[in-house]
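What follows is the residue order along each chain.
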Number of protein chains: 2
Amino acid sequence: MSDHSATRIRIDYGNTLDALDSKALDAALGRVRDAQSVLQQRSGPGSEFLGWVDLPAQARDALQPVQDTAERIRSQADVLIVIGIGGSYLGARAVIEALRPPFDSAGTQVLYAGHHIDGGYLRGLMDACADRRVALNVISKSGTTTEPALAFRVLRQWMEERYGRQEAAARIYATTDAQRGALRRVADEEGYTTFVIPDDVGGRFSVLTPVGLLPIAASGIDVAALLDGAVAMRETALLDDADRNPALRYAQLRDALYRSGKHIEVLASFHPPLTYVAEWWKQLFGESEGKDGKGIFPAAVSNTTDLHSMGQYIQDGERRLFETFLFSESVGTDIEVPSAVEDTDGLNFLAGSRFAEVNADALRGTALAHHEGGVPNATILLPGITPASIGALLYFFETAVALGGYALGVNPFDQPGVEAYKRNMFALLRKPGFEETRERLLARLSGNESISG
Amino acid sequence: MSDHSATRIRIDYGNTLDALDSKALDAALGRVRDAQSVLQQRSGPGSEFLGWVDLPAQARDALQPVQDTAERIRSQADVLIVIGIGGSYLGARAVIEALRPPFDSAGTQVLYAGHHIDGGYLRGLMDACADRRVALNVISKSGTTTEPALAFRVLRQWMEERYGRQEAAARIYATTDAQRGALRRVADEEGYTTFVIPDDVGGRFSVLTPVGLLPIAASGIDVAALLDGAVAMRETALLDDADRNPALRYAQLRDALYRSGKHIEVLASFHPPLTYVAEWWKQLFGESEGKDGKGIFPAAVSNTTDLHSMGQYIQDGERRLFETFLFSESVGTDIEVPSAVEDTDGLNFLAGSRFAEVNADALRGTALAHHEGGVPNATILLPGITPASIGALLYFFETAVALGGYALGVNPFDQPGVEAYKRNMFALLRKPGFEETRERLLARLSGNESISG
């Protein structure tokens with residue numbers, strides 16, 4: 001187990017307090033505490049998808065097969081292509097980009113496919129991998145989701161032409177349903193090594209199942225430490241004292257701010273490697289809360305980059321938003337500001353400071369400036385950007401969104417709105433069975449010809 | 001000059017019309033036409049920053065030095081490191097990522113620095129470039145903006161240690177003020193090749209000045225065609241007939257939708273290479289309109305990826321948003337969906353289709369589904385993803401935001417809110433001259449100790 005300090009997440013929320021009166025804060029605390037009871041009693045909507053709650057310790061105990069397979073992938077491949085979309089894509093990518101050093105090309109590199117419909121990308125990916133040893137991890141519960149299924153059709157054929165069917169089968173790993181579905185059938189027929197996506201864990205909560213763990217381990221990250229961090233956060237996230245439970249506090253603040261008229265949350269990381277953690281967060285929060293005409297609109301910025309872009313809007317635009325900073329109190333590699341003989345740029349006053357110190361004052365300065373500009377903000381403080389702290393952060397967010405969804409009165413574990421575009425797309429593509437929808441859509445399209453330019 | 005069809009941008013806006021009555025549309029058209037007059041007469045606030053209006057043709061005529069220098073960079077360097085932030089970063093990156101093939105490593109590769117404060121990133125960048133020939137393009141009007149100035153301190157020292165001072169000077173290119181500022185002084189002293197950032201073009205409008213053109217040309221993209229596209233769009237964007245001027249139409253729709261209660265615009269590209277075009281768009285629109293407590297909040301998604309993430313919220317969440325799709329009617333490289341002997345995934349009905357066709361139906365299906373879910377949406381149709389069409393798109397957006405800002409009653413060309421965090425950061429970092437602010441901030445910080453977890 002990792003030590004406590006490596007996973008201790010704190011929230012500084014002083015810059016929200018003048019936007020919220022104590023009545024609003026108390027009411028919000030009541031709602032998220034009620035949500036906590038509903039979650040613990042498994043009595044709310046979507047409770048058939050609460051597998052994520054006890055997942056960290058279970059996954060920790062069952063980690064050996066994932067680690068062994070990851071080791072095999074690392075010995076057989078320079079590149080692991082991960083095919084997946086949504087929760088079968090963002091979790092692994094979030095952790096890998098957070099923890100692999102920038103520009104690092106040592107060991108097995110993870111690349112992604114099946115997360116959009118772009119033939120040029122897939123062609124470029126295959127060309128880039130022509131001279132490198134490749135393995136494939138295809139991730140899909142059903143095996144019929146269009147984007148990953150299309151990519152798998154193309155890449156499976158490419159692997160079989162390149163390696164022969166038998167060797168390709170030894171390089172293809174399927175993460176899918178235990179029994180049912182198209183990918184399960186192919187995997188069993190071809191003899192792929194398989195991992196199971198549990199029935200009781202939704203896509204956006206699946207990063208600590210083999211969906212995320214296998215590619216993360218294959219990229220060389222310590223998944224045991226990642227899970228240890230989540231295990232430690234699970235203990236904290238059970239507490240009903242918001243002073244000691246940052247997930248409860250975060251859910252409370254979000255609930256109160258939303259009801260006070262703040263409809264947009266900007267997650268503002270001060271660490272470029274956390275950009276995909278923010279992407280994962282957007283799916284987790286947007287998909288869990290954005291339904292029934294409700295929900296905070298989740299947006300993300302990467303600072304200080306975006307202080308020179310979205311910074312103007314956040315400082316001075318419509319006052320319908322609040323901000324959540326994401327900041328690590330320590331970083332791994334760092335460098336010092338060098339001294340200059342001639343102080344032309346006027347920065348010698350910083351000579352000898354580490355970049356992380358300058359960045360910390362950029363955070364503090366921003367939090368104060370945005371607060372003064374009318375943007376309530378809280379800061380999530382990570383102890384570091386390590387496997388344990390990232391594991392804790394993932395579980396922290398998962399708990400907070402479950403509490404937030406219940407407090408909002410929605411089912412945080414379904415995503416009915418994701419089907420609408422698929423149905424239309426199938427109909428337009430003449431998928432058998434969608435003929436009636438097709439007629440209806442074509443009628444709408446033909447009455448819809450307003451074009452300018 | 002490129003032919004007309006290569007730069008013809010159209011807008012399909014049928015899915016906005018039931019959200020807007022004709023009175024609202026007419027009023028909005030009146031406002032953006034008035035804005036057009038103000039822009040043409042140079043009579044509005046910020047008119048000292050209208051250099052971008054006539055820039056395309058001027059830049060086209062003065063392109064030779066940029067092209068010659070780009071050629072020199074391409075012969076001397078495997079990697080060009082571009083140091084810049086905000087408008088000195090996003091424009092070049094948007095065009096380069098849109099037009100360079102994915103995974104392509106031929107020719108000179110462009111990497112970025114000085115766009116955040118991350119020592120680990122800078123260390124990783126230097127390590128990754130250790131065995132490659134490097135050139136540097138430092139872009140800053142003043143030379144004292146903290147992020148690029150810090151990166152330049154580090155990278156200049158590194159270049160001089162590596163190449164010696166004289167050879168380093170032959171590999172460092174400065175894009176800066178014509179006469180004033182710290183970077184101009186260093187560049188003149190050291191004998192760097194320099195390019196000028198015009199006084200009358202703001203950072204977010206500077207992509208077609210040497211700020212953007214030099215790195216874009218160095219990456220091997222045809223900047224003449226890029227400018228030709230902008231020149232062609234300039235003619236279109238002058239027209240006062242919204243049926244023939246997509247920039248006027250886009251500004252009209254945004255104005256009407258905003259005033260009807262749609263406070264968030266989601267720019268939804270269906271082409272992954274356009275991800276940084278959306279980032280550039282966020283700065284252009286957020287910084288131009290987000291002030292005086294007003295402005296549409298600009299957000300971006302990349303589809304179909306984000307249909308499996310933000311898609312749920314957009315379909316079913318709060319109805320305060322509208323959507324602008326960005327879609328190209330043709331793509332370069334493409335592949336076909338292969339047929340499978342056993343149709344396990346049920347996708348044989350798509351066999352023989354090109355990915356671009358499937359993607360087009362994903363767009364159409366999404367536009368209809370989101371419209372049905374209560375999200376008015378318009379589609380910007382590009383003729384292709386080529387230098388000419390991207391040049392046209394950039395100028396299209398620049399014109400639309402100028403019209404939109406004036407119609408909203410703000411100065412679209414200033415960014416007063418960007419200074420607030422800098423002032424605070426300098427004070428916290430003990431920059432000489434900021435002592436008073438420092439005292440005030442420290443007092444606020446000490447009274448602000450609400451921490452949970």
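**Side note on the packing of helix H9 (residues 210–218) of chain B against helix H10 (residues 223–237) of chain B**
All names here are of chain B.
Phase 1: Packing of H9 against H10 leaves a shortest axis separation of 9 Å and a crossing angle of 135°. Judged on the interaxial angle alone, H10 and H9 are oblique. Between H9 and H10, the residues in contact are Leu213, Ile216 and Ala217 and Val223, Leu226 and Leu227, respectively.

**Notes on the sheet that holds strand S1 (residues 10–12) of chain A**
Phase 1: Spatially, six strands are ordered S8(A)-S7(A)-S9(A)-S10(A)-S1(A)-S11(B) in an open sheet, and the strand pairing comes out mixed. Sheet topology places strand S8 (297–302) of chain A together with strand S11 (451–452) of chain B at the edges, where each strand pairs with a single neighbour.
Phase 2: Judged from the six bridges that link them, strand S7 (residues 264–269) of chain A and S8(A) form a sheet pairing that is parallel. Each residue of the ladder has a partner; that of A:Ile264, found in S8(A), is A:Phe297.
Phase 3: Running at roughly 35° to S1(A), helix H11 (residues 246–259) of chain A makes contact with S1, S7, strand S9 (321–328) and strand S10 (377–382) of chain A together with S11 of chain B of the sheet.

**Section: the sheet that holds strand S4 (residues 134–139) of chain A**
All names here are of chain A.
Phase 1: Taken in spatial order, the five strands line up as S3-S2-S4-S5-S6 in an open sheet, and their pairing is parallel. The strands lining the two open edges of the sheet, one partner per strand, are strand S3 (109–113) and strand S6 (193–196). Each strand of the sheet is rotated relative to its neighbour by a mean of 20°, with strand direction disregarded.
Phase 2: Where strand S2 (residues 79–83) and S3 come together, five bridges link them in parallel fashion. In the sheet register, Val79 faces S3, and the bridge partner there is Gln109.
Phase 3: Along the sheet face, helix H5 (residues 119–128) touches S2 and S3 and points at about 155° away from the line of S3.

**A few points about the side chain of B:Thr209**
All names here are of chain B.
Phase 1: Relative to the assigned elements, Thr209 resides in the loop between strand S6 (193–196) and H9.
Phase 2: Exposure remark for Thr209: the relative accessible area of 1% places this residue in the buried category.
Phase 3: Within the structure, Thr209 has its side chain in polar contact with the backbone oxygen of Ser206 (distance 2.7 Å).
Phase 4: Once residues lying within four places of it in the same chain are set aside, the contact partners of Thr209 are Leu55, Pro198 and Val201.

**Concerning the nonpolar core**
The nonpolar side chains of a soluble globular protein tend to be buried, and buried together.
Phase 1: Ranked by internal contacts, the top residues of the largest apolar core, which has 315 residues, are A:Ile81, A:Phe297, A:Phe397, B:Ile81, B:Phe297 and B:Phe397.
Phase 2: Every residue in contact with B:Phe397, bar those within four places of it in the chain, is listed here: B:Tyr250, B:Leu267, B:Trp280, B:Trp281, B:Leu284, B:Phe285 and B:Ile380.

**Describing empty space enclosed by the protein**
All names here are of chain B.
Phase 1: Counting across every chain of the model gives six cavities of 30 Å³ or more.
Phase 2: For the largest cavity, the calculated volume is near 70 Å³.
Phase 3: Lining the largest cavity are Ala251, Arg254, Asp255, Tyr258, Glu289, Gly295, Ile296, Gly404 and Leu408.
Phase 4: If you list the elements that add at least two residues to the lining of the largest cavity, you get helix H11 (246–259) and helix H15 (387–408).
Phase 5: When residues in the lining of the largest cavity are grouped by element, the largest group, four residues, is from H11.
Phase 6: The class makeup of the residues in the lining of the largest cavity is four nonpolar, two polar and three charged.

**Focus on the interface of chain A and chain B**
Phase 1: Facing 139 residues of chain A, the contacting portion of chain B comprises 139 residues.
Phase 2: Of the roughly 11,600 Å² buried at the junction of chain A and chain B (both faces included), carbon and sulfur atoms supply 63%.
Phase 3: Per-residue buried area on chain A facing chain B is highest for A:Phe103, A:Arg153 and A:His308; these three make up 8% of the total on that side.
Phase 4: Taken together, chain A and chain B are joined by eight salt bridges.
Phase 5: With a shortest N-O distance of 2.9 Å, A:Asp343 and B:Arg153 are connected by a salt bridge.

**Concerning the pattern of salt bridges**
Residues and elements named next belong to chain A.
Phase 1: Taken as a whole and assessed by the stated rule, the structure comprises 67 salt bridges over all chains.
Phase 2: Across the pair Arg10 and Glu329 runs a salt bridge, and its minimum N-O distance is 2.9 Å. Placement of Arg10 in strand S1 and of Glu329 in the loop between S9 and helix H14 (355–372) is noted, with a sequence separation of 319 residues between them.
Phase 3: Across the salt bridge formed by Asp177 and Lys141, the nearest N and O atoms sit 3.1 Å from each other. Of this pair, Asp177 sits in the loop between strand S5 (172–176) and helix H8 (182–190) while Lys141 is found in the loop between S4 and helix H6 (146–163), placing the two residues 36 residues apart along the sequence.
Phase 4: By relative accessible area, which is 30% here, Lys141 ends up partly exposed.
Phase 5: Overlapping salt bridges bring together Lys141, Asp177, Arg180 and Asp199 as one network.

**Notes on helix H4 (residues 90–99) of chain B**
Residue and element names in this part refer to chain B.
Phase 1: Among the 10 residues of H4, nine are classified as buried, and the element is accordingly described as predominantly covered.
Phase 2: Every buried residue belonging to H4 is among Leu90, Gly91, Ala92, Arg93, Ala94, Val95, Ile96, Ala98 and Leu99, and all of these are buried.
Phase 3: Here the buried face of H4 lies against strand S3 (109–113), H9, H10, helix H12 (275–289) and H15.

**Observations concerning the domain arrangement of chain A**
All names here are of chain A.
Phase 1: Annotation of chain A at the domain level lists domain 1 (10–44 + 226–408) and domain 2 (55–224).
Phase 2: For domain 1 versus domain 2, the distance between C-alpha centres works out to 30 Å.
Phase 3: Counting residues at the interface gives 24 residues for domain 1 and 26 residues for domain 2.
Phase 4: Across the domain 1/domain 2 interface, buried area totals approximately 2,200 Å², and carbon plus sulfur atoms make up 71% of it.
Phase 5: By the criterion of area lost to domain 2, the three top residues of domain 1 are Leu226, Leu227 and Tyr276, representing 33% of everything that side buries.

Definitions and limits used
- Residues numbered from 1 in each chain as written.
- Chains lettered and ligands numbered in written order.
- Predicted model: local features only at pLDDT ≥ 70, side-chain atom pairs only at ≥ 80, totals over all residues.
- Heavy atoms only, no water.
- Axes fitted to C-alpha atoms, helices over the stretch in contact; angles between N-to-C directions.
- Helix = DSSP H or I, 4+ residues; strand = E, 2+ residues; numbered from the N terminus.
- Parallel < 35°, antiparallel > 145°, perpendicular 65-115°, else oblique.
- Contact = heavy atoms within 4.5 Å.
- Pairing = 2+ DSSP bridges.
- Buried < 20%, exposed > 50% of the residue type's maximum accessible area, 1.4 Å probe, protein only.
- Polar contact = N/O pair within 3.5 Å; in protein donor to acceptor, adjacent residues only side chain to side chain.
- Core = buried A, V, L, I, M, F, W, Y, C linked by side-chain atoms within 4.5 Å.
- 1 Å grid on protein atoms, 1.4 Å probe; cavity = no way out; pocket = protein on both sides within 12 Å on 5 of 7 lines; lining within 4 Å.
- Points joined across faces, edges and corners; volume = space filled by probe spheres on them.
- Nonpolar A, V, L, I, M, F, W, Y, C, P; charged D, E, K, R; others polar.
- Buried area = accessible area lost by both parts, 1.4 Å probe.
- Salt bridge = Lys/Arg side-chain N within 4 Å of Asp/Glu carboxyl O.
- Domains from an automatic or database assignment.

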